[in-house]
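A closer look at the structure
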Amino acid sequence: MPWICTGQNASHSTWELNELLPQLAEFYKVRFSFVDDVVANKSVSLSDYKQVSLSELILNLERAVDLRFEVVSDGYVVIRPFEEKDLLNVCGYVIDKAGNPLIGVTIGATGGKGSFTDGQGYFQLDSVPFSSVLEFRYVGFQPKRLTVDTSKLFDCFNVLMQEAIAVLREVIVTDYLAAGIIKRKKDIEIYPQQLKSLTGLIEPDILQSIQQSPGVNSPFETAAGLFVRGGSPDQNLVLWNGIKTYNQGHFFGMISAFNPYITDDVTFIKNGTSPKYGDRVSSVVDIRSNQSVAKAFSGGVGFNMLYGDAYIDLPILKDRLSVQFSARRSFTDILETFTYSQMADRVFQNTKISETNVGTTQAKNQFYFNDFTANMVWQTNRNNKLTLNALYNKNDLDFSSRSIADDQSLSDLLFNANEGLNLQWIRSSSGSFSFDMDINYAKYLLKYEFVNTTLDTAEVASKKNLVRDFGYRFNSEFQFNKEHKISGGYHYSNNRIQYAYETLTPLYQLTLDADNSTVDTHSFYTKYQFDNDDYFVQSGVRINYYSELGATYFEPRLFGEKRLSEHFKINTSAEYRTQVASQIKESVVSDLSLENKVWALSSKDGFPVIKSYQLTLGTNFNSRGWYMDLEGYLRQIEDVTTLTFGFLNPIDNEFRRGDSDIIGADLFLKKQFSNYESWLSYSYIRTENQFRGLNNDEPFPGNWNIEHTIKWSHIISTKGWEFSIGWIWHTGKSFTDVTEASTTGGPIAIQFAALNGNNLPVYHRLDLSVMYDFESKNQKLRYRTGVSVLNLYDRQNTLNREFRTTPSLENELIDTSVFSLGITPNLVFRIFW
């Protein structure tokens, strides 16, 4: 594209504007209308203008001569000075004096426009009035004001902010859990590329970062097992660039399935959920890649003791088109490191993999995982943008054993995979109106086969679970002024879920259980927002119509915050949500006891629609380096089932419906100094379930009830080093104890104690991380190395306790307790460019 400027250039011809316009009029077949004094003494330097379109030429001319070229009709262009009524689109990057991006900077503009910088320090404001003032505010930095003029029309520009002198006298807490994690109103924003270390983490794992928040537990020490305020993991809505995901973990949940190095930002919501989010009744995890066109070629490569990965950002057309790719694969099927061995001991305990008698059996276990992503951003013009995102991840386990004594071979094949596509169009129109629409597709497949071969005769027991989810969404927004904004839209989802349990032998094929269901969901939603210096209110409603169920649900949502003083605020929220896709715990196929949950849909005569209510009341305080956040909540989850909650009582395993009542409170306290910060959180939660026809219709503690949790973390940063150490303590989760009483010559008779009437021993663990960042001499490459240690003092914690008997007349009672990770070190090395 020819570049137009006001100065001299040897490769360009210099023209007086009033002499150039007749040639442009003749070539583009247009008429220019202007006052002679306006174009007088205006000169431009350009190459061959015949290579560009009229719209591109006008954009360059406006920047060059500081005049407005207004196309008032086909073939007629008015040239005049810029006026306040002219609306411009501006973008830029906010940085500090070291060139580091500043995340979460508040940007306000005349006319009510506003925005925040993302994980790259990037911001974009559309339809900003000419000559209006942009105001940049960030805690600990001096406010900065810039005037919108034509110099900001063409390129994104850098905004340098200077640290405030007062920051040395009064430290204001700008981060939440760590650098790169910010709490904004009710939402927690995570910027993985700005995270160095959280206690015990060797990589900025997205889901494990969320677990640091108060009110979030992981009873089984998995990354994907997010139990948020009494909800189960399948009740969390986890989106990746608008794509619903149905499996979020690698290595049976031990690490997140999302590559953090191609993730721009993550929004985590526990309450006050926006009505644009539906489908689930617990938390929201909205993961997004960078939606701005890459300015330069960049990327990274690295490895730890489980996997290696690489990614690149590649500009194709300057300021127009860029692509991004990432790939990650474990090497666990090639090399078994100490880190893998420790995690494998945790994952495979109480399964046939750990129980195989190596002395009489030849066994082989191969496992690996991988994931791939591709993203494209195409800025078609100033007002329109297209993004295309693709995701694929899988886990593959192949375990085989052969009995030497009886010539019997056993094979377990376990495979699961997620894949998805999302195409989005973002339109920023003139004025204060904008909209976006996207179309997406998600697929999840779980497949398990157990093959028992004796004397060349094979018997196959299989389990399959297939989820297909197709969706379309339209969202619009209109900003009346600085304080008032309204948004709304339509969301369509076609969800089809199949599962089947089958046994195949040479003589017969038996289907033990199967289902093939579809639910079409039509959702309309709207939200109103009011925001000024003293009040912030979001209110709205989502209306869901489930076609196959013939049911309509109105879901009101409300969040309000009142500023009582400069440092003190109170807030409250209320919400109602519904869910038709959930996981059930199965025990039909005797398999590895891994991935023993399948997705199923609600129906008129089967699983009911799950419904959830939540009320919260909270306050926060931020002054002189201290930050305090306190929030209490009440929740009720209706129409859960015994299969959903995993009650496998051998005496009573009938399908039953019930409710879960939850009361809790989260306290977060943080002290921040210049290079040291420490935070402490305490969570209280009491969950009681009540099922009709179970436990004499009396309430009993929930399966995952962990009543008291304390998390304590310390982070020190100095000269490229970052040290973090953290301790977690919580009471043991509930379980049902048993006593045994043998009958003469017969099987053991088991007497169960009160349902979930006992608690496991207290859990506690100390974790450590050390990271170091440094650069090459030419500063073109950045390096990161580090070490982490989970369970530093190697405590054996009990995570779960269940009981079973051996299948024979002389059976025995077996305690299948699940124990925590032992001491688990990990190493990382990365290169960025």
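The structure this text deals with has already been given above.
Residues numbered from 1 in each chain as written. Predicted model: local features only at pLDDT ≥ 70, side-chain atom pairs only at ≥ 80, totals over all residues. Heavy atoms only, no water.

**Description of the overall build of the protein**
Convention followed: Here a strand is any run of E in DSSP of at least two residues, a helix any run of H or I of at least four, and the numbering for each starts at the N terminus. Each residue gets one of three labels from its accessible area relative to the maximum for its type: buried under 20%, exposed over 50%, partly exposed in between, using a 1.4 Å probe on protein chains only. Each accessible area is a Shrake-Rupley result for a 1.4 Å probe, and residues are judged covered by the shown protein chains and nothing else.
Regarding its fold elements, the protein presents six helices and 55 strands. With 833 residues in all, the protein has 53% of them scored as buried. Surface summary for the protein: the accessible area is close to 36,100 Å², and the carbon and sulfur share equals 54%.

**What to know about the sheet that holds strand 18 (residues 243-244)**
Within a beta sheet, neighbouring strands are joined by backbone hydrogen bonds and run either parallel or antiparallel to one another. The condition is simple: Pairing between strands is defined by DSSP: at least two bridges between the two strands are required.
Pairing in this open sheet of six strands is mixed, and the strands run 13-14-21-22-17-18 from one edge to the other. Edge positions in the open sheet fall to strand 13 (181-184) and strand 18, since each of these has one partner strand only. Across four bridges, strand 17 (residues 237-240) lies against strand 22 (residues 284-288) in parallel orientation. Of the residues in strand 22, the one forming a bridge with Val-238 is Val-285.

**Let's talk about a nonpolar patch on the surface**
Put simply, the test is: What makes a patch is a set of residues exposed beyond 30% relative accessible area and free of salt bridges, joined within 9 Å when like-charged and within 5 Å when nonpolar (Val, Leu, Ile, Met, Phe, Trp, Tyr). Every case where a carboxyl oxygen of Asp or Glu lies within 4 Å of a side-chain nitrogen of Lys or Arg is listed as a salt bridge.
A cluster of nonpolar side chains, namely Phe-621, Trp-626, Leu-669, Leu-680, Trp-712, Trp-727 and Tyr-793, defines an oily patch on the protein surface of about 630 Å² accessible area. Summarising the element assignment, Leu-669 is placed in strand 40 (residues 657-672). On the basis of relative accessible area, Leu-669 is assigned to the partly exposed category, the value being 35%.

**Focus on the state of the cysteines**
The line we're drawing: Cysteine sulfur atoms are paired as a disulfide whenever they come within 2.5 Å of each other.
Within the structure shown, the criterion is met by one disulfide. Put simply, Cys-91 and Cys-156 are joined by a disulfide, and their sulfur atoms are 1.9 Å apart. As the torsion about the S-S bond is roughly -90 degrees, the Cys-91-Cys-156 disulfide counts as left-handed. Within this pair, whereas Cys-91 is found in strand 6 (residues 87-95), its partner Cys-156 is found in the loop between strand 11 (144-147) and strand 12 (157-160), the two being separated by 65 residues in sequence.

**What to know about the pairing of strand 40**
One ladder, built from 15 bridges, connects strand 39 (residues 626-641) with strand 40; its direction is antiparallel. Within strand 40, the residue paired with Trp-626 across the bridge is Lys-671. Bridge count for strand 40 against strand 41 (residues 676-691) is 15 bridges, and the pairing is antiparallel. Residue pairing for strand 41: Lys-670 is matched across the bridge by Trp-679. Hairpin connection between strand 40 and strand 41: a loop of three residues separates the two successive antiparallel strands.

**A short note on the sheet that holds strand 7 (residues 106-109)**
Threshold: Note on geometry: axes are C-alpha line fits, over the in-contact stretch for helices, and angles between N-to-C directions span 0 to 180 degrees.
Strands sit in the order 8-7-10-11 across an open sheet of four strands; the sheet is antiparallel. Whereas interior strands pair on both sides, the edge strands pair on one side only; in this sheet they are strand 8 (114-116) and strand 11. Between one strand axis and the next, the sheet turns by 20 degrees as a mean value, whatever way the strands run. As judged from the four bridges shared by strand 10 (residues 133-137) and strand 11, these two strands associate in the antiparallel manner. The residue bridging Val-133 from the neighbouring strand is Thr-147, located in strand 11.

**Things to note about the pairing of strand 22**
Among the five residues of strand 22, four are classified as buried, and the element is accordingly described as predominantly covered. In this structure, strand 21 (residues 265-269) lies alongside strand 22, joined through five bridges in antiparallel fashion. By the bridge assignment, Thr-267 is partnered in strand 22 with Asp-286.

**Concerning the pattern of salt bridges**
The final tally for this structure, using the stated rule, is 34 salt bridges. Residue Glu-221 is joined to Arg-765 by a salt bridge in which the shortest nitrogen-to-oxygen separation is 3.4 Å. A residue pair is termed long-range when its members are at least 10 positions apart, and Glu-221 in the loop between strand 15 (216-217) and strand 16 (227-228) and Arg-765 in strand 49 (residues 763-775) qualify at 544 residues. The exposure class assigned to Arg-765 is buried, which follows from its relative accessible area of 17%. Connected through salt bridges with shared partners, the residues Glu-189, Asp-265, Asp-286 and Arg-288 form a single ionic network.

**A few points about empty space enclosed by the protein**
In plain terms, the rule: Cavities and pockets were defined on a 1 Å grid built over protein atoms only: a cavity is a set of grid points that admits a 1.4 Å probe from which the probe cannot escape, a pocket is an open set flanked by protein on both sides within 12 Å along at least five of seven lines, and lining residues are those with an atom within 4 Å of any such point. Grid points are joined across faces, edges and corners, and a volume is the space filled by probe spheres set on the points. Three classes are used, and their members are as follows: Ala, Val, Leu, Ile, Met, Phe, Trp, Tyr, Cys and Pro are nonpolar, Asp, Glu, Lys and Arg are charged, and the others, Gly among them, are polar.
Counted by the stated rule, this structure contains ten cavities of 30 Å³ or more. Size it by volume and the second largest cavity reaches roughly 180 Å³. Forming the boundary of the second largest cavity are 20 residues, of which Phe-227, Gly-230, Ile-685, Thr-687 and Trp-704 lie nearest the centre. Of all the secondary-structure elements, those providing two or more residues to the lining of the second largest cavity are strand 16 and strand 41. Looking at the lining of the second largest cavity residue by residue, the classes come out as eight nonpolar, ten polar and two charged.

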